[in-house]
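What follows is each chain in one-letter form.
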Amino acid sequence: MKKSFSIIISVVICLLVGWVSGLMNSASIETWYPMLEKSSFTPPSYVFPIVWSVLYVLMGISAGLLYNVHNISKRPLLILFAVQLLFNVSWNFFFFSMQSPILGFVNLLILIALGVAYFVGTLWIKRSSAFFFLPYLIWILFATYLNFYIVVYN
């Protein structure tokens, strides 16, 4: 029961982060973002909240599984997870609130480095935790491409 509770708490925290991120987007997503030149690979707007909800749940499961491991090496990885979660939120601030695709792109490069470090670290401690995190890492790489396209063409 205790293990399930930590996973549920992790998922709730990640979903709350997603909710806060969504609050940062609301004004710009209706006014500024539609005016940008975007890649033909950019998904329709309705896809983003669905994908992000699933990704936040998977991220939460990843962190919860790692939290339940009895290994001293988990602590730095959980801190790394929290830091990458902060960078996840800060992308919304830079990209949407500040309307700065360049700062958003730089933020994503840091986020990728943090995400890869977390993924590799969890592979050695709790492989399933790493695999629950992998879809998020792949999406961040895709988001980096989309953000870079906007930087180049706007």
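Below: a short report on this structure. (Residues numbered from 1 in each chain as written. Predicted model: local features only at pLDDT ≥ 70, side-chain atom pairs only at ≥ 80, totals over all residues. Heavy atoms only, no water.)

### A few points about the overall build of the chain
Here's step 1: Secondary structure assignment for the chain yields five helices and zero strands.
Here's step 2: Start at the N end of the chain and walk to the C end: the helices and strands fall as α-α-α-α-α.
Here's step 3: Computed over its C-alpha atoms, the radius of gyration of the chain comes to 16 Å, within 12% of the 15 Å expected for a compact globule of 154 residues.
Here's step 4: Considering only C-alpha atoms, the chain reaches an extent of 50 × 25 × 25 Å along its principal axes. (Helix = DSSP H or I, 4+ residues; strand = E, 2+ residues; numbered from the N terminus. Rg over C-alpha atoms; globule rule 2.2 N^0.38 Å.)

### Regarding the packing of helix α1 (residues 2–31) against helix α3 (residues 74–97)
Here's step 1: The contact between α1 and α3 brings their axes to 8 Å, and the two run at 10 degrees. One way to sum up the angle between α1 and α3 is to call them roughly parallel. On α3, the residues that touch Ile13, Cys14, Val17, Val20, Ser21, Met24, Asn25, Ser28 and Ile29 of α1 are Phe81, Leu85, Asn88, Val89, Asn92, Phe93, Phe96 and Ser97.
Here's step 2: Its residues assigned to classes, the contact of α1 with α3 shows 11 nonpolar, six polar and no charged. (Axes fitted to C-alpha atoms, helices over the stretch in contact; angles between N-to-C directions. Parallel < 35°, antiparallel > 145°, perpendicular 65-115°, else oblique. Contact = heavy atoms within 4.5 Å. Nonpolar A, V, L, I, M, F, W, Y, C, P; charged D, E, K, R; others polar.)

### Quick look at the packing of aromatic side chains
Here's step 1: As enumerated under the stated definition, the model contains 21 aromatic pairs in all.
Here's step 2: These aromatic residues form a ring-pair network of at least three members: Phe41, Phe48, Trp139, Phe142, Tyr145, Tyr149 and Tyr153.
Here's step 3: Its end group placed over the ring of Tyr33, Lys38 keeps NZ or CZ at 4.5 Å from the ring centre.
Here's step 4: Positioned above the aromatic ring of Tyr67, the side-chain terminus of Lys74 is 4.9 Å from the ring centre. (Phe/Tyr/Trp six-rings, centres within 6.5 Å; stacked < 30°, edge-to-face > 60°. Lys NZ or Arg CZ within 6 Å of the ring centre and 35° of its normal.)

### Some details on the environment of Val106
Here's step 1: Note that Val106 resides in helix α4 (residues 101–125).
Here's step 2: Distance in space between the C-alpha atoms of Val106 and Leu16 is 24 Å, their sequence separation being 90 residues.

### Comments concerning unusual backbone geometry
Here's step 1: Residues other than glycine seldom take positive phi values, yet Gln99 does so here, at roughly 55 degrees.
Here's step 2: In this structure, Gln99 sits in the loop between α3 and α4.

### Topic: α3
Here's step 1: A rise of 1.5 Å per residue sets the reference length of α3, with its 24 residues, at 34 Å; its end C-alpha atoms lie 34 Å apart and thus fit the reference within 8%.
Here's step 2: Once α3 ends, the next one or two residues include Gln99, with phi positive near 55 degrees. (Expected span 1.5 Å × (residues − 1).)

### Side note on the side chain of Ser28
Here's step 1: Assignment of secondary structure puts Ser28 in helix α1.
Here's step 2: Exposure remark for Ser28: the relative accessible area of 7% places this residue in the buried category.
Here's step 3: Beyond its immediate stretch of four places on either side in the chain, Ser28 contacts Tyr33, Pro34, Phe96 and Gln99. (Buried < 20%, exposed > 50% of the residue type's maximum accessible area, 1.4 Å probe, protein only.)

### Some details on the environment of Ile7
Here's step 1: Counting through the fold element by element, Ile7 comes out in helix α1.
Here's step 2: Taking C-alpha positions, Ile7 is 26 Å from Met24, a pair spaced 17 residues apart along the chain.
Here's step 3: Dropping the residues within four chain positions of it, Ile7 is found in contact with Gly60, Ile61, Gly64, Leu65 and Asn68.

### Details of the environment of Val11
Here's step 1: For Val11, the position within the fold is in helix α1.
Here's step 2: Exposure remark for Val11: the relative accessible area of 13% places this residue in the buried category.
Here's step 3: For the pair Val11 and Pro49, spaced 38 residues apart in sequence, the C-alpha separation works out to 16 Å.
Here's step 4: Filtering out sequence-adjacent residues up to four positions away, Val11 remains in contact with Val57, Gly60 and Ile61.

### Digging into the packing of helix α2 (residues 47–67) against helix α5 (residues 127–153)
Here's step 1: Relative orientation of the contacting elements α2 and α5 amounts to 150 degrees, with a least axis distance of 8 Å. Considered as vectors, α2 and α5 are oriented roughly antiparallel to each other. At the point where α2 passes α5, the crossing takes the left-handed sense. Of α5, the residues touching α2 (which contributes Phe48, Val51, Trp52, Leu55, Leu58, Met59, Ile61, Ser62, Ala63, Leu65 and Leu66) are Ser128, Ser129, Phe132, Phe133, Pro135, Tyr136, Trp139 and Ile140. (Left-handed = near helix turned anticlockwise from the far one by under 90°.)

Shape descriptors only; they carry no functional weight alone.
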